[in-house]
Every structure is written in C-alpha cells, then in structure tokens.
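# Chains, contacts and geometry: an overview
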Amino acid sequence: MARKGVHVKIDELKSDFGLLKNFELSVGRVIEEKWTEPMGPTPFPSVIALRDWDMKLLQRYRPFYLPYCDVCCLCTFGKCDLTQDKRGACGLNMASQQSRIVLLACCIGAATHIAHGRHLVEHLIEKYGRNSPLDIGGLNIDIEAPVTRLVCGIKPEKLRDLEDVLDYCEEQVTRLLSSTHTGQEGSNLDFESKVFHAGMVDQVGMEVADIAQISVLGFPKADPEAPLADLGFGIADVSKPTILVIGHNVPSSVGIVDYLTEKGLAGKVEVVGICCTAHDITRYNSMAKIVGPISWQLRYIRSGLADLIVVDEQCIRADTLIEAQKVKTPVIASSEKNCLGLENRTETPPEKTIADLVENRVPGVLILDSDKVGEVAVETVIKVAPKRGKFKIIPEIEKIIEAAKECTECNECRRACPNDKPIPEAMKAAAKGDLNPLAEILESCVGCARCDSACPNDFPLHSFIVKAGEEKLWKEKFKMRVGRGAIQDVEIRNVGQPIVLGEIPGVIAIVGCSNYPQGGEEVAEIAEEFAKRRFIVVTSGCAAMSMAMVKDEEGKTLYEKYTGAFDAGGIVNVGSCVSNAHIAGAAIKIANIFAKRKLRANYEEIADYIHNRVGAVGLAWGAYSQKAAAIASGFWRLGVPVVVGPHGSKYRRMLLGRQDKPEDWYVLDARTGDKVYVGPAPEHLFTAAETKEEAIVLLAKLCMRPNDTSKGRAIKLTHYVDLHRRLFGSLPSDIHLFVRNNTDIPITMRDEVVKVLEEKGWQEQMIPDPTLLPRLVREKKG
Amino acid sequence: MSMFEDIPVEVGVIYEGERIRRKDMQIELGGPDVKEKFELARVKKPEEIEDGKTTIIGPDIKDMEAEKSYPFGLLIEVAGAKLEPELEGVIERRIHAYCNFIEGFMHLNQRYDIWLRLSKKSFQKGLNSFEYIGKVLQRLFKSELPIIEKMQVTFITNPEKVKPLYNEALEIYETRDAKARGLKDEEVDKFYGCVLCQSFAPTHVCVITPQRYSNCGAISWFDGRAAASVDPKGPVFTIEKGEMVDPVKGEFSGVNEAVKKKSLGEITKVWLYTAFGYPHTSCGCFEGVAFFIPEVDGFGILHRGYKDTAVNGLPFSTLADSTAGGRQIDGFHGVSIEYMRSQKFLQADNGWKRVVWMPKEVKERVKSFIPTELVDKIATEEQAKTIDELKAFLKERGHPVVSSWKEEAVAVEETAPLESEEAPLIPVATASTLPITAGGFKIILKDAKIYAKKVIIRSEKSEKTRKGEGSAKK
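Residues numbered from 1 in each chain as written. Chains lettered and ligands numbered in written order. Predicted model: local features only at pLDDT ≥ 70, side-chain atom pairs only at ≥ 80, totals over all residues.

For the rest of this paragraph, the subject is the sheet that holds strand β1 (residues 25–30) of chain B. All names here are of chain B. In space, the 4 strands of this open sheet follow the order β4-β1-β7-β6, with mixed pairing throughout. Strands with a single pairing partner mark the edges of an open sheet, and in this sheet they are β4 (68–70) and β6 (105–108). Strand-to-strand, the axes of this sheet are offset by a mean angle of 20°, without reference to chain direction. Taken together, the 3 bridges between β1 and β4 define a ladder with parallel strand orientation. Of the residues in β4, the one forming a bridge with Leu29 is Tyr70. Along the sheet, helix α1 (residues 88–101) contacts β6 and β7 (115–119); its crossing angle with β6, the most-contacted strand, is approximately 160°. (Pairing = 2+ DSSP bridges. Helix = DSSP H or I, 4+ residues; strand = E, 2+ residues; numbered from the N terminus. Axes fitted to C-alpha atoms, helices over the stretch in contact; angles between N-to-C directions. Contact = placed C-beta atoms within 7 Å.)

Okay, here's the thing in structure tokens:
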C-alpha cells in the first residue's frame with residue numbers, strides 16, 4: 001500500500017488524463033489507495049487526539065485509586081511519602097502517581113506486544129517477502145484489520161503495510177513513556193487518558209502481530225471448526241526426546257517443527273509448549289502439544305520431562321536457566337529480549353553448538369535465528385535425552401515426610417504465597433504421612449515458588465506440592481480448540497438478529513493469565529455458565545487453556561461440548577495474547593456491519609457505538625502482567641467494561657460508575673438531541689470481583705446497554721436476576737435502575753419485579769438512540 | 001419466585017437452550033417415534049372458555065410409564081375482546097418458547113411436528129402432572145399477551161382421543177396457511193413497521209405487509225399485528241397503508257409517511273416491490289441479498305450461509321456490505337427467504353423472470369414458489385460460477401432476460417488533440433495536499449511541488465463532448 005522513495009521521470013506522456021513533457025517527480029512515498037471510504041477525523045491519532053472522548057468516559061467512570069505502595073521512588077528526590085494529602089518533592093500527589101504507574105505498566109505492555117509484532121513482521125518479511133498478502137479469513141472476511149483501519153485509517157494489504165503501522169505504534173509509546181518522566185504530566189485524568197491511548201496502540205500492535213502470523217504461517221483463518229489440540233501435563237509421550245517451548249513469539253518453535261518435518265523426525269521427538277507459544281505452535285502444526293498455562297513452568301521443568309527448553313519472549317520465568325540446570329536440561333534462548341546471560345551462538349556452526357550443549361560445556365546458548373534454533377534444538381535433544389534419562393528434582397514421598405517433620409510452621413511460606421495457601425498446615429499433615437492437604441494446594445497453586453524462597457529451611461516446597469499432587473497432574477489430558485483467529489464478517493451478520501432481539505444477551509470475553517485465586521476450574525465454570533445461557537463466550541491466552549482443563553462426567557471438555565462459532569452458546573478460542581485484537585475487532589465490526597458506521601479513522605464514533613450498544617464484557621480472572629493491563633485499557637477506550645479477579649486491585653485503580661449519582665447516567669438521544677436518563681448501563685468500566693460468584697453476577701449485569709430493545713433488556717435482566725438469586729440468594733437491590741418500561745420486565749419474574757418497582761417509586765423512561773457525542777445528533781430533516 | 005412458587009421446578013428463559021437426552025428423559029411426548037401429535041391455539045368466544053382451567057384427557061405424567069414415547073395433543077383456547085382468529089398462529093408459536101422456559105422440559109419444532117421431553121431430574125423434583133405445565137402456560141401467556149382475557153389448556157394423551165383431534169388440527173393448519181399465503185397487500189388497510197433494528201442501525205425501518213416479511217425473516221404481518229396490539233408503544237407499530245400511489249412498485253402514502261417519521265427524515269419514500277429507485281432499506285441481519293448483475297440484466301440472490309462467492313465473484317460479506325445499515329442502494333436489496341415466496345417479490349423488476357442465479361440451497365427452499373417454467377432457467381453454483389458461464393447458461397435455457405440483451409454499443413472515445421507550447425517553467429501546483437483523480441484512481445500528493453513545462457487538465461465529465469477542455473489554466 002505504501003512505497004518509499006519514488007522517482008518518476010517522463011520525457012513525454014500523452015494520456016487520457018493529460019499531456020506531460022519533461023516531467024520529473026520525486027516523492028517521499030506514494031500511497032496507493034484502494035479503500036474508497038473517505039478518511040475519518042483521527043487517522044494515526046496523536047496522544048491527545050482522543051482526549052475528549054477519554055474525558056467523557058472518565059467523568060462517568062471515575063478513577064478510584066488503590067495505592068499499592070504509599071511512596072514514590074522513581075527519582076532521587078525520593079522516596080516521597082504520598083499518603084493523605086501529601087505531595088512529593090516534584091509536586092505530584094497520590095492520584096497522579098498511581099495513574100502514572102498504571103501508564104508505565106501499560107506502556108510496558110504495549111511496547112511488549114508492539115516489539116513482538118515488529119519482530120514477527122521483520123522475520124516474516126525476511127523469510128517470505130514484503131509483498132506477502134494479508135489473508136486472515138478468505139471470502140468471509142472483508143475487514144481484515146478492523147483495529148488498524150479504525151485507528152490508523154489505512155487498509156493494510158501486504159506485510160510491508162504493517163511496517164508503517166508499527167512505526168506509528170512505536171512512536172506513540174515513546175511519547176507516552178516520556179510523559180511519565182519527573183516533572184511532566186501532572187493531572188491524574190490526563191495520565192488516565194494516556195493509559196487509554198497506550199491501550200489503543202497496544203491493540204493495534206497485537207492485531208499487526210496476529211494478522212501477520214495468521215496470513216503467512218497458515219494458521220486457521222477465522223475457522224469456527226479449528227482443530228482440537230492435546231493439552232495437559234500428561235499429554236506428551238515422555239519416552240521420546242521432548243522439547244519444551246515457553247513464551248509468546250512463535251518463529252523459533254516454527255523452526256523446530258519445520259526441521260523435524262524436513263528431516264522426517266516428526267514422530268520421533270515431542271514438541272510441547274507452555275503459554276502463548278504453545279497456542280501459536282498448535283495453530284501452526286498439529287504435531288505440537290500444550291502442557292498448560294504459564295503457571296505450569298516450574299512443575300514441568302522440575303519434573304524433568306523436558307530434555308531441552310527453548311524460550312522466546314514474555315512471561316517466561318527469569319530463573320528458567322537455573323531451574324533447567326538442576327535437571328540437566330539445556331536451554332536455548334531465542335529472543336533479543338530475553339538472553340539469560342547466554343553466549344550468542346547465532347553465527348557459530350550448529351555442529352559446534354550442538355556438541356557443546358550435549359557435552360554440557362555450556363548450560364545454554366542464545367541463537368537469534370529461528371531455522372538455526374530448529375536444527376540445534378532437534379539435534380541436541382535427540383542426543384541429550386538418553387543421557388538425561390528424564391532426570392528430575394521432584395523428591396520422593398519419603399523425603400517430603402522427612403522434611404515435613406522438621407518444619408517449624410513458621411508460616412513464612414504462607415505469608416509469601418499470593419493465594420495465602422495453608423502450606424504450614426499441609427506440612428504438618430505430611431509429617432504424619434498425609435499428603436492430601438499438600439496435593440490440594442496444587443489445585444490453586446499459581447506456580448510462583450515464592451514459598452521455596454521464603455522457607456528458612458530451604459525446603460523446595462513447590463516441588464513437595466507438585467509431588468503430592470502428581471497423580472492428578474499425570475492424568476491431565478484434555479482437548480482445546482486451537483486459536484481460530486478473527487471472527488468472520490458473516491458470523492457477525494448471523495448474530496445480528498438474535499443480538500437485536502436479545503436472544504444473545506451478550507459477549508463475554510474470558511482472557512488473561514493464570515494466577516487465579518482458586519485455580520483454573522473457576523474459569524471453566526464461568527465460561528460454561530454463560531455458554532449454557534447462550535451468551536457468546538470468547539477466550540484467548542492462558543484462560544483459553546485453563547477452561548479446557550475440566551471434563552464433564554462423560555469425559556468431555558468445554559471445547560468438545562460447545563461450538564467454536566461466534567454464535568449463541570459458542571466458546572470461541574481466538575488464540576494467543578495477540579489474538580485479543582480480534583475480540584476488539586469483532587465489536588468494531590458489529591458497529592461497521594450493522595450500522596454501516598464509517599470505520600476509517602473514526603475511533604470516537606465507533607467507540608461511542610460499542611459503548612452504548614454492544615453488550616460485550618471482558619473478564620481477566622487471573623490477570624497479572626503489564627500486558628494484561630495494556631489489553632484491558634484498550635478495551636476501556638472502546639467503552640467495553642472489564643472485570644478482574646481479586647488480584648486485579650493490584651493494578652492500583654478501578655474505573656467505577658456511581659449508581660447513586662443519577663446525573664452521571666445521561667446520554668443524548670441521537671434522534672432529537674434530548675438528554676435522556678438511561679440508568680447505570682454499563683455500570684463500571686473496570687472493577688474487581690472477589691469471588692467467582694461475584695464475577696458471574698457482575699458480568700451478566702455489565703452486558704446491559706442503553707440501546708437494548710425491550711426484549712433484549714428483559715432477557716439480560718432475567719440472567720442478572722436469576723444469577724443473583726441463585727448465587728447470592730436474593731433479588732438484586734438495583735433492578736429498578738435497569739427497567740425502563742413495562743416490557744423490559746422479565747416474563748417469568750413479572751410479579752416480584754413489579755413489587756420492587758413499586759417499592760422504589762420507579763418511573764417509566766424512554767429508550768433513546770444513545771450517544772455521548774453531540775455531533776452525532778441528527779437534526780430532524782424536513 | 002412468586003410467580004411460579006407453586007411449581008416444583010424453576011421457570012425462566014435461561015432454560016430455553018436446554019436439551020434432554022434420551023437417557024435422561026422421563027417421558028417423551030410426540031417426537032419422531034409417534035405419528036399423532038399436535039399443538040393448536042384457537043380463539044373462542046368468552047362464554048366457551050373456563051378461565052384458568054387445565055384438562056387432562058388420558059393418563060397424566062405420573063401415570064405414564066417411564067422412558068416411553070406417547071401420542072400427544074396440546075390445545076390452547078383463548079378469548080379476549082381484541083383477539084381475532086388471525087392471531088392463532090402467533091399465539092401457537094409461543095408455546096414453544098414458554099414450554100422451554102420450564103426447567104427440564106424440552107420442546108422442539110411446531111404444530112404437527114412437536115417433540116417434547118421431560119427430564120427425570122425435573123420429574124423427581126415433583127413435576128409429575130400436566131397441571132403444573134398448564135399453570136405455567138396460563139401465567140406466561142396472560143402476562144405476556146394481555147389481550148388474552150380468558151384461557152384454558154387441554155392436554156390429550158389418550159391415543160384414541162388424540163387421533164381425531166390430530167386430523168382436525170391438520171385441517172386447521174391447512175386452512176390457516178392457505179388464508180395466510182393468500183392474503184394480499186391489497187386486502188388489508190394496515191401494514192406494520194418494525195424499528196427493533198434501530199438499536200443497532202438507527203435509520204432502518206422495516207415495513208411488514210402480508211406479502212413482505214421483515215428482512216430478518218422473523219416477523220410476519222400476523223406477528224406484527226399481534227405485537228402492535230399487545231404493546232402499542234413498542235418497536236413494532238401500525239402503519240396506515242394510506243393511498244396506493246403505485247401498485248406495481250409498491251408505493252403507499254402511509255408507508256412513506258411512517259418511514260419518514262421513524263427514520264427522522266433520512267428516508268422519505270419507499271417502493272416495496274423493487275430493488276431500484278427507492279428500494280426498501282436493509283438493516284444488518286437480512287437473511288439474503290438480491291443483487292443486480294448488469295452484464296445479464298438480472299438478479300442474483302445470495303443467502304447468509306453461503307460460503308463461496310456469488311456468480312459475480314463477490315462473497316456475501318461484500319454484497320451485504322453494499323446495502324446494510326438502513327440505506328437505499330440501487331440494485332442491492334436485503335431480503336428474507338419468506339419474501340421470495342411472495343407474489344410481490346421484486347414485482348416491479350419482473351419478479352422471478354429477472355432472477356438468474358441463486359445457490360442451490362436457497363433454490364431448493366423456495367422452489368415451489370418459482371414459476372414452473374422458470375425453475376430450470378435459473379442457474380445455481382452447479383451450473384455457473386462466473387458471469388460468462390452464467391451468460392451461456394441463460395442463453396442455452398432461454399431465460400427471459402436474454403431477450404433484453406442487445407448488441408452492446410461500444411462508446412467511441414475521442415481523444416483530445418495534444419497541445420504543445422513552449423513556456424517558462426513555473427510551478428503549476430504547490431499544495432500541502434493535492435488530490436488528482438484519474439482513471440478510477442485517486443492520487444494524493446503530499447507536500448509536493450511539481451514543475452512541468454505544461455500541464456493540461458481536462459475536466460472528466462466533458463470527456464465525450466470535449467466542451468470543457470483545457471479549463472484549468474492559471
């Protein structure tokens with residue numbers, strides 16, 4: 001689409017449109033435009049281009065700060081105590097400092113996805129050429145890059161077009177980051193607006209990364225029937241040499257699979273993955289298997305099952321090399337972002353590197369060439385595996401009992417545990433030979449091993465827990481539908497009518513990492529609750545894996561029971577972290593496809609549409625990383641609410657709506673320009689739930705939107721009331737705020753709801769054509 | 001809670017999607033193993049109805065042998081001042097949803113094809129009598145459709161009694177269908193409008209007539225009539241037909257007024273039976289799209305579920321995108337499948353005589369409504385995948401559109417004489433953004449300074465007449 005450095009020289013040209021003589025033209029770049037839609041108001045928006053929109057959201061959803069740390073120590077004035085009304089030496093107060101840290105986190109997250117995208121695009125261009133076409137869904141997808149089109153105002157067609165998009169993203173992150181410097185931004189709301197900007201840019205970066213890999217590497221292209229992959233701790237045939245890949249960026253894993261295929265070794269070596277690289281390698285090739293989400297790293301490494309570990313980037317334990325050495329497993333680092341102190345062997349002849357690894361002359365190497373990684377990994381693992389003999393450091397039961405007898409129950413481990421697990425009590429039971437309490441802890445263990453570090457006796461407590469729960473761990477064999485990528489335009493149309501009529505009450509996006517408060521089963525329960533109720537459930541990343549790890553009485557996982565189509569009752573795995581862009585993309589396409597709202601660089605209008613009409617809610621039940629923070633902020637700017645688990649409060653602030661302030665809940669009726677009260681729908685933009693039950697009820701409630709048809713609202717209310725009653729044993733106290741007229745009242749609950757309405761002095765409200773943007777008010781013509 | 005307190009299981013829309021497998025079922029009513037089964041709604045005189053009554057003819061649930069299938073009849077009789085026999089079908093179709101609201105009670109299909117199952121679990125919870133189901137139906141019908149003033153429900157499980165009623169029901173369906181299909185737009189004075197889709201497509205208004213279903217295929221004229229009388233302030237409203245301005249194109253003064261009002265002046269005129277001029281607008285959820293193919297002067301039709309491209313090389317997503325969002329676009333027309341069964345289908349454009357291509361799947365569904373002599377003249381993807389193949393097919397089969405094909409006149413374009421003059425080099429254009437349109441492309445030069453000895457720009461419109469030649473001199 002864009003080309004740089006064009007020089008045209010024409011001596012004489014006679015053409016239909018004119019006559020040129022001695023014409024010479026030098027242009028910095030030429031843009032061929034095939035997209036006929038006129039350019040919208042905010043192409044490649046600057047940091048402040050959408051500030052007005054952000055402020056509209058922030059006025060309604062005011063930041064509520066939860067200082068996780070009372071001081072600021074970012075500059076040498078500090079530490080500055082910011083409690084109460086104090087200001088730091090630079091003049092910043094607590095609110096601004098908290099939002100500043102949120103912005104930092106989101107910049108880190110955005111930079112990570114964007115750099116990931118940059119690496120992928122560069123790598124794929126090098127291998128497949130700049131002109132490789134983008135194709136993410138064939139005929140069923142017209143809008144190949146909804147986020148990029150919306151934000152940047154361009155229609156990318158080839159790999160090279162993505163470079164321009166990344167240029168923009170990188171520049172924006174630099175600018176955003178600069179405003180966190182001491183003595184820059186002073187307003188917390190402006191910091192928050194910048195957080196939204198970081199989130200939006202992050203979404204573009206994710207989209208670039210995923211559409212590049214889908215197009216060029218032949219991942220499933222928006223396929224509702226993407227194949228099922230094996231998943232679980234016990235899934236690999238451990239009699240074979242086993243390569244474990246960890247991380248998010250798939251080229252090095254592709255190198256391995258390609259090398260195996262090329263050398264006819266496909267059935268001889270196991271390739272298993274953890275975290276998003278596992279997602280993406282199963283999207284690439286069916287020989288790969290998935291061990292589990294990020295929290296499965298230590299348990300797998302210590303169990304000695306991997307004969308070689310290849311790490312790429314993101315969410316990889318920093319002590320991977322140390323842990324690997326304990327089990328005599330060589331490590332190959334394959335990303336410039338994560339070199340682990342290893343010697344760079346990119347240019348070394350592979351035979352030498354292989355020999356050094358096999359002979360254990362080096363614990364690992366850094367290789368920044370995916371094909372070379374493939375060769376070295378495969379050749380090394382074949383030679384290393386017999387020597388290792390699956391050497392492990394998970395202790396035998398006797399050792400655990402022996403250690404447990406020496407445990408003083410000092411409680412340091414429990415204090416260190418993010419989930420406050422009763423490890424001392426479990427050790428006490430173990431001392432008496434009962435390992436069940438330890439085994440139970442594994443169910444909700446996030447695999448951080450802080451207990452190990454905390455133990456004054458230096459007991460490898462995490463290993464004890466893994467051993468105790470080993471039996472169940474080995475039985476872990478599940479099926480997960482591999483990431484399908486985008487949602488088809490046609491699917492969006494198919495759900496049009498049921499969404500309008502309320503038969504599909506909402507879209508629940510269950511995403512994020514695996515540091516769950518009570519284990520991954522909760523994610524599966526939540527997903528099934530909503531799939532059964534015929535919501536559309538979309539998922540990605542580690543959450544998509546966790547929800548595969550539960551079977552019903554017939555031994556079926558959710559992915560075997562529910563369709564992968566974007567439809568009522570579907571459970572739709574879009575793929576890895578970067579695939580989250582497709583979830584935003586689906587919401588954007590609803591606005592573009594149903595209402596024909598202009599897409600091109602028209603962010604504010606589309607976000608306004610989504611916020612007021614599309615009943616989509618995100619849930620990051622185990623969000624932990626800065627990337628997760630950035631992903632959430634991208635959804636906020638689109639007006640999509642996000643719920644996080646209890647650890648989510650550590651993100652330092654929520655964006656909460658106030659039911660008790662009716663003045664906050666007015667919209668403009670686009671038909672007339674009148675201000676209309678619509679009730680708190682959706683009530684929050686970002687909030688945390690303490691329990692699974694609370695999360696479920698919140699999700700159902702946050703699906704309500706001002707535009708809901710009466711039938712739609714009645715069905716949404718039915719779910720909200722039913723869940724509230726079932727999980728909390730009572731009617732929600734705020735039903736009256738969500739009933740606008742009589743036909744909104746759920747059919748089967750009429751009597752009791754009417755009673756509440758009477759008690760609360762409810763009055764009928766009109767249903768407007770809702771917008772927050774005055775310019776969208778259509779003047780009554782003629 | 002209070003509304004169904006006396007029912008042993010829960011009742012709510014959340015049970016709607018529930019499926020009960022054979023091994024979990026207590027009993028099965030109707031279904032594929034049973035010939036005689038039906039459900040029927042009848043509008044009666046008030047004195048013929050004992051309000052609130054449930055009658056069971058034959059064994060009740062608790063007396064039925066477990067895991068067996070039974071012949072089954074469900075008769076709903078209603079009365080009310082505003083009720084009319086035309087609404088029977090609408091009332092009857094709600095039986096499906098309301099039965100499904102009951103926990104552990106599954107209802108599939110409709111009319112003579114019904115298939116119900118009760119789960120063992122719900123039976124064990126105490127749902128052991130049709131009395132309960134009768135009560136649920138009574139309450140739901142009356143709270144949802146206040147025009148029902150009196151209602152009685154009869155369950156028939158005695159095979160001897162089901163049989164004659166079954167035959168009677170079949171006759172009633174037949175009569176009703178014949179009447180419904182036979183009902184013409186000319187015969188009614190009210191149409192119905194629907195703005196449900198405005199929640200997503202704010203300028204779209206659907207006009208529903210006896211011979212034109214809603215675009216989504218979900219709302220018939222009868223449904224519209226029922227909805228408008230139940231909830232006069234709701235999204236489905238009455239349109240007074242008004243004066244018939246054009247019987248062929250389907251223009252009605254009342255429709256124009258209503259659409260203008262409901263679209264807030266966006267749309268001022270609608271022709272119901274054509275895809276040209278002022279076609280009916282399309283929302284986002286239409287079932288199919290009729291698209292004009294200029295090369296053959298005919299229409300192709302594509303339905304939402306078709307995975308491949310249409311004969312003109314465009315997939316549904318692109319075609320649909322050409323018309324969606326409440327706009328009037330010449331030659332692109334969102335339609336329901338049911339509308340294809342209407343005699344008014346694209347009437348002004350010659351109806352079926354103008355349809356040249358459609359996927360096999362849709363063709364099968366509407367086959368009996370295509371004039372017999374045309375059935376074999378309309379191509380499917382099996383006969384034509386490209387325009388050339390389509391042309392050949394239509395010619396071979398003698399499709400009516402072929403007669404309209406004429407020799408295509410080739411427009412001879414005259415070329416302007418080249419001018420050649422010497423002049424000093426001056427910048428002819430310097431602008432921060434300069435768009436140039438040529439040959440279907442738009443070239444935008446940014447921060448460009450172009451030096452040329454001479455630039456001749458001709459106005460595009462005057463290409464054939466040469467009148468506006470060389471108009472841009474500075």
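This paragraph deals with the environment of Arg181 of chain B. Along the polypeptide, Arg181 of chain B turns up in helix α4 (residues 159–182). Note on Arg181 of chain B: 14 C-beta atoms within 10 Å, which makes it partly exposed. (Buried ≥ 20, exposed ≤ 12 C-beta atoms within 10 Å, placed from the backbone.)

Moving on to the pairing of strand β16 (residues 571–575) of chain A. All names here are of chain A. Where burial is concerned, most of β16 is hidden: 5 out of the 5 residues are buried. As paired strands, strand β15 (residues 536–540) and β16 are joined by 4 bridges and run parallel to one another. Residue pairing in the sheet places Val537 in a bridge with Ile571 of β16.

As a further point, take the environment of Glu779 of chain A. Residues and elements named next belong to chain A. Along the polypeptide, Glu779 turns up in the segment after β23 (770–771). Residue Glu779 is classed as exposed on the basis of its 9 C-beta neighbours within 10 Å. Considering only alpha carbons, one finds Glu779 and Glu690, 89 residues apart in sequence, at a separation of 46 Å.

What follows covers helix α24 (residues 580–594) of chain A. Residues and elements named next belong to chain A. Under the 1.5 Å per step criterion, the end-to-end length of α24 is 22 Å for 15 residues, consistent within 8% with the ideal 21 Å. Across the 15 residues that make up α24, a large majority, 15, are buried. Directly beyond the C-terminal end of α24, a positive phi value near 60° is found at Lys596. (Expected span 1.5 Å × (residues − 1).)

Before going further, it helps to examine the packing of helix α12 (residues 397–406) of chain A against helix α14 (residues 423–431) of chain A. All names here are of chain A. α14 packs onto α12 with a crossing angle of 115° between their chain directions and a minimal axis gap of 8 Å. Note that α12 runs across α14; the crossing there is left-handed. Residue-level contacts link Ile400, Ile401, Ala404 and Lys405 of α12 to Met427, Ala430 and Ala431 of α14. When its residues are assigned to classes, the contact of α12 with α14 shows 6 nonpolar, no polar and 1 charged. (Left-handed = near helix turned anticlockwise from the far one by under 90°. Nonpolar A, V, L, I, M, F, W, Y, C, P; charged D, E, K, R; others polar.)

All names here are of chain B. Taking strand neighbours across the sheet as the criterion, the 4 strands line up as β2-β5-β8-β3 in an open arrangement whose pairing is mixed. Two strands in the sheet have a free side with no partner beyond their single neighbour: β2 (37–43) and β3 (54–57). On average, each strand axis in the sheet is tilted by 10° relative to the strand beside it, whichever way the strands run. The pairing of strand β5 (residues 72–79) with strand β8 (residues 150–156) spans 7 bridges and is classified as antiparallel.

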